[in-house]
Amino acid sequence: MNKINSKDLYTNRLELRIPKMEEQHRLWEILIVENINQYYFPTPDRIFAKNNLSKDKIEDLKKARKIFMEQLSDWKRQEPFYKKKIKLIQTQDDSQKYTWSIFLKGTNTVIGQITCQPKDNELENIRDIGWYIDANYQRKGYATEAAIKVLDFMFNEVEITDIKTSAAEINYGSWKIMEKLGFEFIGKKKSTYYKDDEILVCKEYHGNKELFLNRNNS
Ligand SMILES: CC(C)(COP(=O)(O)OP(=O)(O)OC[C@H]1O[C@@H](n2cnc3c(N)ncnc32)[C@H](O)[C@@H]1OP(=O)(O)O)[C@@H](O)C(=O)NCCC(=O)NCCS
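Nothing here was measured: the structure is a model prediction, and the numbers come from that model.

Caption draft 1: The arrangement of the sheet that holds strand β1 (residues 9–10) in detail. Spatially, 5 strands are ordered β1-β2-β3-β4-β6 in an open sheet, and the strand pairing comes out antiparallel. The open sheet is flanked by β1 and β6 (130–133), the only strands paired with a single partner. Bridge count between strand β2 (residues 14–17) and strand β3 (residues 99–104): 4 bridges; the pairing is antiparallel. Looking at the pairing, R17 lines up with S101 of β3. Strand contacts of helix α6 (residues 142–158): β1, β2, β3, β4 (110–115) and β6, with the helix running at about 50° to β2, the strand carrying the most contacts.

Have a look at this one:
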């Protein structure tokens, strides 16, 4: 893997910019909408531990989610985390540097975010990829367009070797993108997401440069 700095990336319709603090409040507004965050942010382990809640019980999952959402929906509480993240990006810290704010090209309209960050307990050249797009701009191919550009950069310039990622089975739009990127389906695992009274499973995917380059043939 090449330890190179991140850079702005351009597609036909989008500018993927190195994040700045000035658009973070808008991104937070996009993210706190339930339809956006419900299958994007797993409820962190620390919330289960601190409140003595079990991931196996639907009532506990709901309680943990409620606590997490109360924390997320308070900008004053969130702002320091966003500031810290921007600082890490500015200093090209590997934990955060491959994060982009997605803007409509030639405008200052930010519509989402895409990340390609290291995974816990994995080598640095094995990464996760994550995305969210403002509800007003979904179903226009923007997430796919952004992801293709980011993977082109990550495989060809940063030279990561693998992507390991997952999406709730119910989150059709997200795993559809993984399949459009050529990723292979690995299996299913239990998640901390739920719908009504059902605990949901996630679909896990693996990608690499070869699969990505052959994506149109799959
Ligand atoms: C997942 C998400 C990023 C997709 O963004 P998007 O810009 O709408 O995606 P695209 O327009 O590139 O769509 C990719 C494919 O998925 C399909 N798709 C997207 N959203 C869909 C939905 N809600 N239902 C069914 N299909 C959907 C599209 O039709 C397209 O397939 P096609 O080319 O065969 O038509 C967006 O729905 C989102 O932000 N969701 C909330 C955050 C989230 O869950 N992130 C992922 C966590 S794993």
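Caption draft 2: Representation of the site of the ligand. Surveying the vicinity of the ligand reveals 22 residues, the closest of which are R139, G141, T144, K176 and K180. Take K140: an N or O atom from its main chain is 3.3 Å from an oxygen atom of the ligand. Within the backbone of A143, one N or O atom sits 3.0 Å away from an oxygen atom of the ligand. Considered on its own, the ligand offers 920 Å² of accessible surface; in the complex 78% of this is hidden by protein. Elements with a minimum of two residues in the shell around the ligand: β6, α6, β7 (162–168) and α7 (172–180). For the shell around the ligand, the leading source of residues is α7, giving 6 residues. Grouping the constituent residues of the shell around the ligand by class yields 11 nonpolar, 7 polar and 4 charged.

Caption draft 3: Spatial organisation of unusual backbone geometry. Even without being a glycine, Q92 presents a positive backbone phi close to 60°. One can find Q92 in the loop between α5 (75–90) and β3. The residue N121 is not glycine, and still its phi comes out positive at about 60°. Note on placement: N121 falls in the loop between β4 and β5 (126–127).

Caption draft 4: Up close: the pattern of salt bridges. Scanning the entire structure with this criterion turns up 16 salt bridges. The partner of K190 in a salt bridge is D56, and the shortest N-O contact between them spans 2.6 Å. A residue pair is termed long-range when its members are at least 10 positions apart, and K190 in strand β8 (residues 184–195) and D56 in the loop between α3 (45–50) and α4 (58–72) qualify at 134 residues. By relative accessible area, which is 51% here, K190 ends up exposed. Residue class for D56 comes out exposed when judged on its relative accessible area of 54%. For R127, the salt bridge goes to D94, with nearest N and O atoms at 2.8 Å. In this pair, R127 sits in strand β5 while D94 sits in the loop between α5 and β3, placing the two residues 33 residues apart along the sequence. For D94, a relative accessible area of 23% puts it in the partly exposed group. Within this structure, R26, E29 and D134 form a network of salt bridges that share partners.

Rules and cut-offs
Residues numbered from 1 in each chain as written. Predicted model: local features only at pLDDT ≥ 70, side-chain atom pairs only at ≥ 80, totals over all residues. Heavy atoms only, no water. Pairing = 2+ DSSP bridges. Helix = DSSP H or I, 4+ residues; strand = E, 2+ residues; numbered from the N terminus. Contact = heavy atoms within 4.5 Å. Axes fitted to C-alpha atoms, helices over the stretch in contact; angles between N-to-C directions. Near = heavy atom within 4 Å. Polar contact = N/O pair within 3.5 Å; in protein donor to acceptor, adjacent residues only side chain to side chain. Areas by Shrake-Rupley, 256 points an atom, 1.4 Å probe, with all protein chains shown as cover. Nonpolar A, V, L, I, M, F, W, Y, C, P; charged D, E, K, R; others polar. Salt bridge = Lys/Arg side-chain N within 4 Å of Asp/Glu carboxyl O. Buried < 20%, exposed > 50% of the residue type's maximum accessible area, 1.4 Å probe, protein only.

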